[in-house]
Structure formats: structure tokens, C-alpha cells
Amino acid sequence: MTTALDMALIERALNGFTIPPRPEILQHIQQQLAKNDPSISRIAALINLDVGIAGFTLKVVNSAFFGLRQKITSIEHACKYLGMSRVIALVRSILLRFTLAEGRQDPFSQRLWSSALHTGTIAMALAKQFNLSQAAQDDCYSLGLFHNAGIALISGQAPLYATLMQQGLQAGRGHSEIEEQHFQTCHEVLGYLIAQSWGLTPELCNVIAYHHSPAIILQSDNDYEQQLFALLKLAEFFSGESRLLYNINVDPEWQNYSGAILDVLELDSLTLPDFAELLHQQDIQTVYSLN
């Protein structure tokens, strides 16, 4: 595991911000999962209590990415067909978006959630390509959706967030450095606290806490943490996250650490276009299709 976050850092990051509590629906679902024989029908019924969440979940499940041969017509059908863990991961991610983006229609918020969905989709597709378990694929999807959740909290209070970040990143400064200067917090720590509050695993929470601190996470003695981190950063690269969020083409973090990240995955940079082509075959766009 990586080193635990310093409590003083957490307290400073939290100043002026409130971490949204885990929605009741997730708490009830967790109670069902804790039973010896969780009931699919009961979990489906809990999800169906919120028509908007249930409807959006079915929309995602039936999207082109999943490539299902038959249309999923109900949440219970989805749980049986895809497995409860994947459906619950989807529901958690959708609830996050609805909670943090409620009432916000500004262009940056729209880009933020579009980027998160894109990165999560790519991370899950990469995990599948590496023949990782279903649980690992679901973790990669959740990581993509949650890793920038803290940005939503900061940008909600700072309309100039995107502009200040763009200027700082173009000057070669790090994400946390810019945020600490202008907002006295950083989205890594806020994202960690959201993930922890919403019941993500310790490994996912740790990767979120250090996803802009490669020198720390790459020294973790937990191989799974390193693998999740590497897949997230590769997914960010393929999705062109910096370009989408801040309209900048340079990603110093990737330039400085791509070698070490690819080493974790036992990849060579020359193989990246091949992976991009595999994603394109699944109708998933990457930076290679934009160049």
C-alpha cells in the first residue's frame, strides 16, 4: 500500500468544502451485498426506486461499447447478464455524476463528465485487453469516473478554475501545485475523500489520492495499485484528457513518467498505436484519431 495521507493535509484540503455523503441507495445495496446470499431482485428493486438512475443505467448498459447481442430491458436483467458487481459500479458512477453535477450546465462541467466517462470506458477496455478479471475491469471503470471527482467540488466554487489550470499547466506546473496556490486545496485529496466516503476499495482510494503523484504511487509495494494507476494514466493519454479539459496538447506528467508507467504494464511506446487501433475497432476514440 502507499503511504497514508497526512491528516493535516486532509484538514487543509477540506477547508471550505463538504464531501457529499454516500447516497442511501448505495448504503442499502451494500447491506444487501453483506448478506450470505445477496438478492438480485432486491438490489434491482433498490436501484429502480430512482427512475432516473435506473433509466440512465440501462442507457449505458445498452450503449455500443458493451456490444451486447440482446437489449437489456430491466435492471434485474442487467444484473443477471452482466453481473451485480458491474451494474453496481455503473450505478455508483452515475450517482456520482448526478450528485456533483446537479444543476450545473456550464461548458467545463459538461467537459469534465464527458472526459470522465471517456477515460473510464478506455480504462475498462484496456483492462479487458490485458485479460484482467471482471472485478479489475469494473475497478478501472470506477477509477476513470472517480479520479477527477474532486475537480467538480473546486470548480463549483471557482468559475475561473479551468482558465487558471490551463495557464499553470502550460507553464509546466503540476496540478496540485496550481490548485494549492489558487484554491488552497487539491482535487487528489478531495477525490480520495469522496471515494472513501462512497465505499470504493482502499486500492482505488489510494490511486485517486496519488494519481498526480507518480513518484509516490510507482513506489507502492502493492502491485495492483501500480497496475490500476498505470492503466488510468494510459487511459488519460489515449482519451486526450488534458486537451479536452484545458485545451492544451502538452502533458508533462505523461512525458516525464510514460516510460515507468509503460514498464508497469510491460509495454513499449511503439505498441501504443496498436492499442489505439483495438480501441477504434470498439468505436472508442483516442488521440490517434484526432491527430
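Placed above this text is the structure.
Rules used in this analysis
- Residues numbered from 1 in each chain as written.
- Predicted model: local features only at pLDDT ≥ 70, side-chain atom pairs only at ≥ 80, totals over all residues.
- Heavy atoms only, no water.
- Helix = DSSP H or I, 4+ residues; strand = E, 2+ residues; numbered from the N terminus.
- Buried < 20%, exposed > 50% of the residue type's maximum accessible area, 1.4 Å probe, protein only.
- Contact = heavy atoms within 4.5 Å.
- Axes fitted to C-alpha atoms, helices over the stretch in contact; angles between N-to-C directions.
- Parallel < 35°, antiparallel > 145°, perpendicular 65-115°, else oblique.
- Left-handed = near helix turned anticlockwise from the far one by under 90°.
- Nonpolar A, V, L, I, M, F, W, Y, C, P; charged D, E, K, R; others polar.
- Salt bridge = Lys/Arg side-chain N within 4 Å of Asp/Glu carboxyl O.
- Expected span 1.5 Å × (residues − 1).
- Bend = angle between axes of the 7 residues up to and from the residue.

1. A few points about the side chain of His175
Inspection of the secondary structure puts His175 in helix α11 (residues 175-183). Residue class for His175 comes out buried when judged on its relative accessible area of 11%. Contact partners of His175, with chain neighbours within four places excluded, come to Met165, Leu169, His187, His212 and Glu253.

2. So, the packing of helix α12 (residues 187-197) against helix α13 (residues 202-209)
Here α12 crosses α13 at 165°, and the two axes come no closer than 7 Å. In terms of axis orientation, α12 runs roughly antiparallel to α13. In the packing of α12 onto α13, the handedness of the crossing is right-handed. Residue-level inspection shows Glu188, Gly191, Tyr192, Ala195 and Gln196 of α12 in contact with α13, the latter providing Cys205, Asn206, Ile208 and Ala209. Residues that form the contact of α12 with α13 fall into these classes: 5 nonpolar, 3 polar and 1 charged.

3. Focus: the pattern of salt bridges
A side chain of one charge can pair with a side chain of the opposite charge if their charged atoms are brought near each other. Applying the stated criterion across every chain, the model contains 5 salt bridges. With a shortest N-O distance of 2.9 Å, Asp138 and Arg86 are connected by a salt bridge. Separated by 52 residues along the polypeptide, Asp138 in helix α8 (residues 134-146) and Arg86 in helix α6 (residues 84-100) bring together distant segments of the chain. Residues Asp138 and Arg86 agree in their burial class; the two are buried. Notably, a salt bridge pairs Glu177 with Arg173, separated by 3.2 Å at the nearest N-O pair. Using a relative accessible area of 24% as the deciding quantity, one classes Arg173 as partly exposed. Bridged by salt links that share partners, the residues Lys233, Glu236 and Glu253 form one connected network.

4. Things to note about helix α17 (residues 252-264)
Here α17 is 13 residues long and its end C-alpha atoms lie 19 Å apart, about the 18 Å a rise of 1.5 Å per residue gives. Approximately 60° is the largest bend angle found in α17, and it occurs at Ser258. Taken together, the buried positions of α17 are occupied by Glu253, Trp254, Ser258, Ile261 and Leu262. Buried residues along α17 sit against α11, α14 (214-217), α15 (223-239) and α18 (272-280). The first or second residue beyond α17 is Glu266, which carries a positive phi of 55°.

5. Some details on the packing of α8 against α13
As a packed pair, α8 and α13 sit with axes 10 Å apart at the nearest point and diverge in direction by 35°. For the crossing formed where α8 meets α13, the hand is right-handed. Taken together, the residues of α13 that come into contact with α8 (itself represented by Asp139, Ser142, Leu143 and Phe146) are Leu204, Val207 and Ile208. For the contact of α8 with α13, the class distribution of residues is 5 nonpolar, 1 polar and 1 charged.

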